[in-house]
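# A look at the structure
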Amino acid sequence: DLSERGATVIVADLPIPAWHAQGLPYDQDHQTKMAAIIPEIEQLDGVSYLDMRALNDDDSFYDDAHVRPRSQQPWTDALYDAVKDIESARKNTPSE
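Summary of the structure given here. Throughout this document, residue positions are counted from 1 along each chain, in the order its sequence is written. For this predicted model, a pLDDT threshold of at least 70 governs which residues receive local features, and a threshold of 80 or more governs which side-chain atom pairs are given and counted, while totals over whole chains, interfaces and linings are taken from all residues. Heavy atoms from the whole structure form the basis of all side-chain values; hydrogens and water molecules are not counted.

## Observations concerning the overall build of the protein
So the rule is basically this: Only DSSP runs of H or I reaching four residues or more are called helices, and only runs of E reaching two or more are called strands; each is numbered from the N terminus. Based on C-alpha atoms, the radius of gyration is set beside the globule rule, defined as 2.2 Å times the residue count to the power 0.38. Partly exposed describes any residue whose relative accessible area lies between the buried limit of under 20% and the exposed limit of over 50%, with all areas from a 1.4 Å probe on protein chains only and scaled to the type maximum. Note on areas: these come from Shrake-Rupley sampling with a 1.4 Å probe, and a residue is covered only by the protein chains present in the view.
Tallying secondary structure elements over the protein gives three helices and two strands in all. Relative to its length of 96 residues, the protein is extended, with a C-alpha radius of gyration of 16 Å against a globular reference of 12 Å. Out of the 96 residues belonging to the protein, those deemed buried represent 23%. Accessible surface, the protein as shown: approximately 7100 Å² in total, 52% of it carbon and sulfur.

## Looking at helix α3 (residues 73-91)
So the rule is basically this: To estimate the expected span of a helix, count its residues, drop one, and scale the result by 1.5 Å. Taking the helix axis as origin, the arc is that swept by the directions to the C-beta atoms. By the convention used here, residues are in contact when the closest approach between their heavy atoms is within 4.5 Å.
When the terminal C-alpha atoms of α3 are compared, their 26 Å separation across 19 residues agrees well with the 27 Å that a helix rising 1.5 Å per residue should span. For α3, every residue scored as buried is listed here: Trp75, Ala78, Ala82 and Ile86. Buried residues of α3 fall within an arc of 70° about the axis and therefore sit on the same side. Contact partners of the buried residues in α3: β1 (9-13) and β2 (47-51).

Shown next, in the form of structure tokens:
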């Protein structure tokens, strides 16, 4: 069990280009389902939710799902910040 070893899972909700989302019926369905389960995710020990959909910039993508290398930094920064926050919280939580 990874949680017994101190592992943390980050559920990262990644953006897709707006033009792609508009052409797909499942994007709205995905958002609806995520809204329903995010509170459950946030209650799980060792699991964090990271909403990266605000990083949606159509110019950042070279196809329907893959970010251009020159545009990866905001995504990397968001994930790095999430990991830092988790580690900081872990350090500030008393051990049993």
